[in-house]
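So the chains spell out like this:
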Amino acid sequence: MADPITRETRLSKVVGAPAKKLATERDIVTVGDLLDFHPRRYIDVETSGRITDFALDDHVAIVATVVSGTTSRNRASRGSRFEATLVDAEDNEFSLVFFRPYGHEQALQPGRRVLARGKLGEFRRRPQLAHPTYTVLDADAEGSDLDVYAGGLVPIYKATKGITDMGLTKTLKLVLEQLEVGADAVPDHLRERRGLIDEREAYRRLHLPRTLAEVESAKQRLRYEEALVVQTVLAQRRAKYLAEQAVPRTAPKGGLLEAFDAQLPFQLTTGQREVADEIAADMARDVPMHRLLQGEVGSGKTVVALRAMLAAVDSGAQAALLAPTEVLAQQHARSIRAMLGPLAEGGMLGGSAQGTQVALLTGSMTRRQKEKVLLDITTGPVGIVIGTHALIQDEVMFADLGLVAVDEQHRFGVEQRDALRDKAVRAPHLLVMTATPIPRSIAMTVFGDMETSTLRELPRGRQPIETFVVPSTNERWMQRTWQRVAEEVARGHQAYVICPRIGEETPEDDQVLAELERAWREGTVEDGADDAEPPHDEEPPPMRGVHEVLAQLREEPALAGLRIESMHGQLPTDEKDAVMAAFASGAVDVLVATTVVEVGVDVPNATAMVILDADRFGISQLHQLRGRVGRGDAGGVCLLATRNEEAALNRLQKVAETTDGFGLADLDLSLRREGDVLGAQQSGRRSQLRMLRLKQDADLIEQARGDAGELVGDDPELLRYPGLERAVTERLDEQQVAFLERG
Ligand code: ADP
Ligand code: MG
């Protein structure tokens with residue numbers, strides 16, 4: 001037997017030519033890379049599929065029998081071609097054609113069975129594959145050894161130039177014969193408990209299966225492994241937090257929080273009160289709070305966070321609120337100052353005696369402005385600091401940071417969260433809010449190191465938002481849409497018009513655009529689907545842009561006399577602020593914007609939203625966008641305009657019918673992948689889940705979470721589980737790399 005090889009061994013040490021092809025074509029360099037290159041599907045040599053199941057231009061993989069072959073001279077050129085006629089399992093005829101016949105005549109002799117792969121075309125009204133790749137399956141054929149396949153199943157991989165599926169299988173067979181797996185990542189007792197096979201057997205069953213049941217058991221094992229590794233990372237992180245010391249922060253009687261509650265113009269909802277109690281209990285402990293507050297759009301997360309911040313200030317500390325965008329930071333500063341009133345003018349003439357000060361710190365502030373704020377933060381009069389990423393910078397020093405609240409967490413990585421936490425002398429308490437309701441499996445996977453609180457209920461008196469799908473190719477419907485907007489304005493309200501992009505001059509690599517484009521192209525692609533077979537072949541129609549729509553709406557008769565402005569991510573910050581402030585104050589009637597208004601923007605007087613090319617947005621994103629209207633007591637209307645006739649209509653109809661964000665998030669998850677559900681920035685994490693499907697594997701994730709908690713509980717360093725320890729380290733390294741790449 002040859003030298004043992006491990007996952008780390010370079011593939012070129014094991015095989016020659018295939019290693020080179022795999023490295024250049026698929027970036028597969030080590031043995032581990034190859035083992036992780038999973039088949040997309042398996043075809044059964046006996047029931048090989050029918051050619052009639054495929055449509056023109058589909059990528060076909062089929063087993064069929066050669067009936068005849070002819071070589072003929074080309075009329076147009078000097079060469080000749082070879083054409084073989086084959087029949088599938090049900091006697092449907094099709095042909096393979098090669099314009100360089102050499103070798104194919106010998107290989108494709110009548111009676112032979114072949115696995116052929118190629119793009120389905122048509123020639124003289126007969127299905128044809130031109131220049132397919134193929135493997136002769138008959139054991140007696142020269143150069144073919146069907147017995148490489150353990151059973152009747154042929155694994156089909158993502159097509160790789162210069163290497164056939166059988167070539168891959170042969171390489172894998174070689175690898176598996178010499179593979180040394182080392183300690184299993186899944187400890188023995190857990191494999192037993194969960195009825196799982198070991199690592200080597202999993203690779204064998206995945207790449208050289210005898211039955212589909214074997215494939216399933218291999219996947220099950222690999223999924224569990226992945227879930228266990230992720231959950232172990234999270235359990236360790238949690239254990240680390242729990243070992244930290246924090247200062248208990250409780251609001252005294254007669255303090256700022258009490259004064260705030262007394263002047264609050266509304267009553268907290270039951271849910272808000274419950275969550276507030278959970279937070280207060282956490283903050284009263286001497287270990288740092290790590291709590292995720294997820295809530296339905298408009299459920300009133302901000303006031304809950306503000307109360308926690310006031311409790312921190314009451315106890316003599318400071319609180320920081322981290323927002324993902326300048327627009328949001330500005331808005332929070334504005335609305336928090338407004339809610340606090342005189343309480344935000346502590347130490348100032350006319351301010352309240354109990355009061356504190358609220359400061360805003362963003363990247364676009366001038367050096368001068370920043371310096372003043374930084375000084376106030378360091379020396380103490382400022383109790384509440386609101387800011388963007390600028391808050392994370394080195395020069396920001398707090399007198400005594402007691403609470404960090406992060407709004408719309410999914411835009412931040414764990415690393416940024418920790419950078420801010422590091423600014424406190426003792427570990428501060430941490431409250432994280434998410435923009436969108438998130439399905440439980442995602443909460444467990446992405447935010448699994450935190451406790452969670454959930455706000456499902458909306459404040460009383462909220463009128464439901466009515467949502468309609470509008471076919472925008474229909475002139476009359478669009479007329480009616482703009483009239484509807486005008487009616488809202490006539491009633492003293494305001495409207496948003498959302499476009500999927502800014503305009504012509506938007507650079508190609510514009511992030512939002514790229515993300516939308518990708519989401520659209522992926523459409524409803526399921527995990528593991530063949531990306532050589534995109535669901536949308538045709539070019540998408542150009543999306544509506546802010547500039548063009550602004551110009552159009554200013555000419556629109558139905559909207560004559562209305563004050564229409566626009567906002568998007570490429571405007572200078574001061575212009576963004578000015579537009580947003582004008583809209584918030586009611587000086588602008590209609591705001592044409594990109595998804596910059598997606599998260600958190602709160603203008604209660606806005607009651608109408610038109611989303612153009614709505615099919616370009618994800619379900620959760622639409623729900624989030626729609627959450628910008630109907631925030632006051634006047635109700636709201638959301639019109640989803642689309643030129644897309646079919647599939648999208650169905651999806652949009654679902655959004656129109658449901659106002660339950662948690663339900664929609666689940667639906668979103670079943671149609672798309674977690675990265676899309678969580679939003680653009682988060683999608684860096686996407687690639688980090690290889691096998692786990694957040695929808696179907698929720699139970700398995702739950703099990704792994706329990707198991708990981710147990711392991712870390714009695715062996716935090718994983719000294720008794722070297723295999724798992726190694727897998728965890730590998731994963732953390734990958735995350736590190738992903739984080740650095742994300743910048
Ligand atoms: P989200 O949870 O989406 O971040 P916000 O915190 O922005 O929601 O709150 C939405 C709106 O509801 C705000 O205008 C806020 O002042 C208001 N609000 C919050 N709580 C209540 C309540 N208990 N009763 C009435 N209005 C409330
Ligand atoms: Mg919010």
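Just so we're clear, the structure is a prediction, and the values are computed from it rather than from any experiment.

(A) Geometry of the packing of helix α19 (residues 619–626) against helix α21 (residues 661–671). Put simply, α19 and α21 touch, their axes get as near as 8 Å, and they point 150° apart. With respect to α21, the element α19 is oriented roughly antiparallel. Residues Ile 619, Ser 620, His 623 and Arg 626 of α19 lie in contact with α21, whose contacting residues are Gly 661, Leu 664, Ala 665, Leu 667, Asp 668 and Leu 671. Here the residues of the contact of α19 with α21 are counted per class, giving five nonpolar, three polar and two charged.

(B) How the structure looks around the sheet that holds strand β14 (residues 429–434). With respect to topology, seven strands assemble into an open sheet ordered β11-β12-β10-β13-β14-β9-β15, the strand pairing being parallel. Edge strands, defined here as strands with exactly one partner in the open sheet, are β11 (357–361) and β15 (451–455). Adjacent strand axes in the sheet meet at a mean angle of 20° when their direction is disregarded. As defined by bridge partners, β11 adjoins strand β12 (residues 382–387) across five bridges and the pair is classed as parallel. Note that in β12 the partner of Leu 361 across the bridge is Gly 387. The sheet contacts of helix α12 (residues 367–379) involve β10 (318–322), β11 and β12, and relative to β11 the element is tilted by about 135°.

(C) Seen up close, the site of ligand 1. In the region of ligand 1, 16 residues are neighbours, and Gln 267, Gly 298, Thr 302, Arg 462 and Arg 631 sit closest. Gly 298 places a polar main-chain atom, nitrogen or oxygen, 2.7 Å from an oxygen atom of ligand 1. In isolation ligand 1 has 560 Å² of accessible area, and contact with the protein removes 85% of it. At three residues, helix α10 (residues 301–314) tops the list of elements feeding residues into the shell around ligand 1.

(D) Spotlight on the nonpolar core. Counting residues in each nonpolar core, the largest one holds 71 residues, and the members touching the most others are Tyr 496 and Ile 611. Looking at this core, the element that brings in the most residues is α10, giving 10 residues. No fewer than three residues from each of domain 2 (256–455) and domain 3 (465–533 + 540–658) sit in this core. Beyond its immediate stretch of four places on either side in the chain, Tyr 496 contacts Phe 583, Leu 591, Val 597, Val 601, Val 603, Ala 606, Ala 608, Met 609, Val 610, Arg 628 and Val 629. Judged by nonpolar contacts, the second largest core, of 52 residues, contains Leu 190, Val 373, Ala 424 and Leu 430.

(E) Looking closely at the sheet that holds strand β21 (residues 636–642). Strand order in the open sheet made by the six strands is β16-β21-β20-β17-β19-β18, with parallel pairing throughout. Two strands lie at the open edges of the sheet, namely β16 (465–471) and β18 (564–567), each paired on one side alone. Neighbour-to-neighbour, the strand axes of the sheet open up by a mean angle of 20°, direction not taken into account. In terms of strand pairing, strand β17 (residues 494–498) meets strand β19 (residues 590–593) through four bridges, oriented parallel. Residue pairing for β19: Tyr 496 is matched across the bridge by Leu 591.

(F) Quick look at α10. With 14 residues, α10 extends 20 Å between its outermost C-alpha atoms, agreeing within 8% with the 20 Å of an ideal straight helix rising 1.5 Å per residue. Within α10, 13 of the 14 residues are buried, which leaves the element mostly enclosed by the surrounding structure. Once α10 ends, the next one or two residues include Gly 316, with phi positive near 95°.

(G) Region of the structure containing the environment of Leu 612. In this structure, Leu 612 sits in the loop between β20 (606–611) and α19. Along the backbone, Leu 612 and Met 543 are 69 residues apart, and their C-alpha atoms lie at a distance of 8.5 Å.

(H) Spatial organisation of the side chain of Asp 697. Inspection of the secondary structure puts Asp 697 in the loop between α22 (674–678) and α23 (698–714). Given a relative accessible area of 3%, Asp 697 falls into the buried group. Non-local contacts of Asp 697, meaning those with residues more than four positions away in its chain, are made with Arg 223, Met 691 and Leu 692.

(I) Representation of the packing of α10 against helix α11 (residues 326–340) in the model. Closest axis-to-axis distance for the α10/α11 pair is 12 Å, and the angle between their directions is 65°. Judged by the inter-axis angle, α10 sits roughly perpendicular to α11. Between α10 and α11 lies a crossing of right-handed hand. In contact with Thr 302, Val 303, Leu 306, Met 309 and Leu 310 of α10, α11 contributes His 332, Ile 336, Met 339 and Leu 340. Looking at side-chain class alone, the contact of α10 with α11 contains seven nonpolar, two polar and no charged residues.

(J) A look at the packing of aromatic side chains. As enumerated under the stated definition, the model contains three aromatic pairs in all. With a centroid separation of 5.7 Å and 20° between ring planes, the pair formed by Phe 37 and Tyr 157 is classed as stacked. Note that Phe 37 is positioned in the loop between α2 (31–35) and β1 (41–44) and Tyr 157 in the loop between β8 (153–156) and α4 (165–178), a separation of 120 residues in sequence. Exposure remark for Phe 37: the relative accessible area of 12% places this residue in the buried category. The ring of Phe 662 carries Arg 456 above its face, with NZ or CZ at 4.0 Å from the centroid.

(K) Representation of the pairing of β12 within the structure. β12 sits mainly inside the fold: six of its six residues count as buried. In this sheet, β12 lies alongside β10 in parallel orientation, the contact comprising four bridges. For Ala 319, the partnering residue across the bridge sits in β12 and is Ile 384. Assessed by its sense of winding, the connection that carries the chain from β11 through α12 to β12 is right-handed.

Criteria and cut-off values
- Residues numbered from 1 in each chain as written.
- Chains lettered and ligands numbered in written order.
- Predicted model: local features only at pLDDT ≥ 70, side-chain atom pairs only at ≥ 80, totals over all residues.
- Heavy atoms only, no water.
- Axes fitted to C-alpha atoms, helices over the stretch in contact; angles between N-to-C directions.
- Helix = DSSP H or I, 4+ residues; strand = E, 2+ residues; numbered from the N terminus.
- Parallel < 35°, antiparallel > 145°, perpendicular 65-115°, else oblique.
- Contact = heavy atoms within 4.5 Å.
- Nonpolar A, V, L, I, M, F, W, Y, C, P; charged D, E, K, R; others polar.
- Pairing = 2+ DSSP bridges.
- Near = heavy atom within 4 Å.
- Polar contact = N/O pair within 3.5 Å; in protein donor to acceptor, adjacent residues only side chain to side chain.
- Areas by Shrake-Rupley, 256 points an atom, 1.4 Å probe, with all protein chains shown as cover.
- Core = buried A, V, L, I, M, F, W, Y, C linked by side-chain atoms within 4.5 Å.
- Buried < 20%, exposed > 50% of the residue type's maximum accessible area, 1.4 Å probe, protein only.
- Domains from an automatic or database assignment.
- Expected span 1.5 Å × (residues − 1).
- Left-handed = near helix turned anticlockwise from the far one by under 90°.
- Phe/Tyr/Trp six-rings, centres within 6.5 Å; stacked < 30°, edge-to-face > 60°.
- Lys NZ or Arg CZ within 6 Å of the ring centre and 35° of its normal.
- Right-handed = clockwise from strand over helix to strand, strands pointing away.

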